[in-house]
Amino acid sequence: MNPDALARAVKEQSRQHGFVLAGITTPHPPPHFNSFQAWLDSGQHADMAYLADDRSRARRADPCLILPECRSILVLGMPYSNPQSAPLSNEPDTPRGRVAAYAWGDDYHLVIPKKLQALVTFIEEQLGQPIPNRYYTDTGPLLERDLAQRAGLGWIGKNTCLIAPQQGSYFFLAEILLGLELPPDPPFTLDHCGNCTRCIESCPTGCILPNRTMDARRCISYLTIENKNEIPPELRPLLQNWVFGCDICQMACPWNNRFAPLAGYPAFAPRPGIPNPVLAEDMALSAGEFNQKFKDSPVKRAKHRGYLRNILSVIDN
Ligand code: B12
Ligand code: SF4
Ligand code: SF4
């Protein structure tokens, strides 16, 4: 099979596995690596030290350090639920929290790698031989948004999210590094943000910076998920009712409001009791009940202790 036909077949196959976006780029250094370095050097990554070590920086600068045989990178997008699909219930006597929509269903770290392996197997079957490969979603040492933009999937918006014209930004990114030359797609060169600044105005903590990066130290998503310490008292009133993650800057985006579908890939459909948890009920969960309620859910990342800390901060509000 010639490389053009193989690229078409792989993209078609990726759709069968639930990816709504697929593009190919080269393993050349990503275009905004210097912005990433500046972001780290100014401490805006907070306590996410894993982003800043020398090994991680070197690999993000040069994907061939991950896979020396790499000749192309397949970049994919799989949609999760639109947060507008479960509007916050407003019974006055039952205070509820909000969980970011990416975490309503099964953990994407468990769902997506199986699909990526299936795509590698498909490619190897087409060629009749093993192909060097590495695949990731979220946890790999790659600048996923930069690679996605260069693979033609969409543009990096002012809220720093990768936005696809027909899809909005409610999707996960994933990549397969391949020791195989496939024709790269043209980068996405347009910037459809224009004069809009809705995400910047809507962010409760004002952490979105004018250079398409953010100060994670103030981001509700960081404070309620990655942060293992106390939430600084001066930021607690700004959490509104977000007990895990935050979708505000995406919900403000006209591209999501116009184009994002309501439902994502079925495994990410909301589980009962997760999108708008009753605060008093989740506050009373024992460690065992927490682990049971959030089995195979992204919410487990906060751990029982972090989730209770978040609920307490929201109750204080
Ligand atoms: C660390 C991290 C976070 C941190 C910091 C986020 C941030 N914006 O930097 C925190 C915990 C806050 C976070 C929050 C969220 N995250 Co997160 N996160 C990551 C992670 C692991 C690394 C991101 C990173 O390197 N940040 C540093 C900045 C500097 O890099 P960047 O975000 O890629 O931004 C690029 C632009 O700034 C660009 N750039 C710089 N200057 C300029 C100038 C111009 C003109 C342009 C066009 C671009 C540009 O270069 C940067 C480098 O590529 C990625 C996975 C990965 N390996 O990439 C997921 C990832 C970005 N997160 C993801 C998600 C889903 C979220 C949340 C929506 C979860 C939630 N609902 O709570 C929020 C979104 C908040 C937001 N507005 O970004 C998805 C995003 C998918 C998408 N459509 O964009 C990713 C890709 C994971 C995945 N595989 O799906 N996240
Ligand atoms: S996720 Fe929330 S806190 Fe973070 S930048 Fe977006 S609106 Fe601001
Ligand atoms: S809200 Fe406006 S400025 Fe922000 S990402 Fe969406 S289009 Fe761009």
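All figures in this text were calculated on a predicted structure; none of them were measured in a lab.

Asks: Mind showing me how you'd approach the overall build of the chain here?
Replies: Along the backbone of the chain there are 12 helices and eight strands. Relative to the compact-globule value of 20 Å for 317 residues, the chain shows a C-alpha radius of gyration of 20 Å, a close match. Across the 317 residues in the chain, those meeting the buried criterion constitute 53%. For the chain, the exposed surface amounts to about 14,300 Å²; the carbon and sulfur share of it is 53%.

Asks: Looking at this structure, how should I read the domain arrangement of the chain?
Replies: When the parts of a complex come together, some accessible area is lost, and that lost area is often used as the size of the interface. Its domain assignment divides the chain into domain 1 (3-82 + 107-178) and domain 2 (198-316). Taking only C-alpha atoms into account, the centre of domain 1 sits 24 Å from that of domain 2. Taken together, the contact pairs 36 residues of domain 1 with 32 residues of domain 2. Where domain 1 abuts domain 2, roughly 3,000 Å² becomes buried across the two surfaces, and 60% of that area is made up of carbon and sulfur atoms. Taken together, the connections running from domain 1 to domain 2 amount to zero salt bridges. At the junction of domain 1 with domain 2, the criterion picks out 17 residue pairs in polar contact (both at pLDDT 80 or more). Sorting the residues of the side of domain 1 that touches domain 2 by element identifies β2 (72-79), α4 (108-127) and β5 (155-156) as the ones contributing at least two each. Per element, the largest residue contribution to the side of domain 1 that touches domain 2 is five residues, and it comes from α4. When grouped by side-chain class, the residues that make up the side of domain 1 that touches domain 2 number 17 nonpolar, 15 polar and four charged.

Asks: What exactly am I supposed to notice about the site of ligand 1 here?
Replies: Taken together, 40 residues lie near ligand 1, and Glu144, Arg145, Asn159, Arg212 and Ser221 sit nearest. Within the backbone of Phe171, an N or O atom sits 3.5 Å from a nitrogen atom of ligand 1. The residue inventory of the shell around ligand 1, partitioned by class, reads 20 nonpolar, 12 polar and eight charged. Mapping the shell around ligand 1 onto the domain boundaries places at least three of its residues in each of domain 1 (3-82 + 107-178) and domain 2 (198-316).

Asks: What's the story with the pattern of salt bridges in this structure? I'm lost.
Replies: Side chains carrying opposite charge are able to pair once their charged atoms draw close together. With the rule as written, the count across this model stands at 11 salt bridges. The shortest N-O distance in the salt bridge between Asp185 and Lys11 comes to 2.9 Å. A residue pair is termed long-range when its members are at least 10 positions apart, and Asp185 in the loop between β7 (171-178) and α6 (198-202) and Lys11 in helix α1 (residues 3-16) qualify at 174 residues. What makes Asp185 partly exposed here is its relative accessible area of 22%. With a relative accessible area of 16%, Lys11 lands in the buried category. Between Arg57 and Asp41 there is a salt bridge whose closest N-O contact spans 3.1 Å. On the criterion of sequence distance, the pair formed by Arg57 in helix α3 (residues 54-61) and Asp41 in helix α2 (residues 33-41) is long-range, its members being 16 residues apart. Since its relative accessible area comes to 19%, Arg57 is described here as buried.

Rules and cut-offs
Residues numbered from 1 in each chain as written. Chains lettered and ligands numbered in written order. Predicted model: local features only at pLDDT ≥ 70, side-chain atom pairs only at ≥ 80, totals over all residues. Heavy atoms only, no water. Helix = DSSP H or I, 4+ residues; strand = E, 2+ residues; numbered from the N terminus. Rg over C-alpha atoms; globule rule 2.2 N^0.38 Å. Buried < 20%, exposed > 50% of the residue type's maximum accessible area, 1.4 Å probe, protein only. Areas by Shrake-Rupley, 256 points an atom, 1.4 Å probe, with all protein chains shown as cover. Domains from an automatic or database assignment. Contact = heavy atoms within 4.5 Å. Buried area = accessible area lost by both parts, 1.4 Å probe. Salt bridge = Lys/Arg side-chain N within 4 Å of Asp/Glu carboxyl O. Polar contact = N/O pair within 3.5 Å; in protein donor to acceptor, adjacent residues only side chain to side chain. Nonpolar A, V, L, I, M, F, W, Y, C, P; charged D, E, K, R; others polar. Near = heavy atom within 4 Å.

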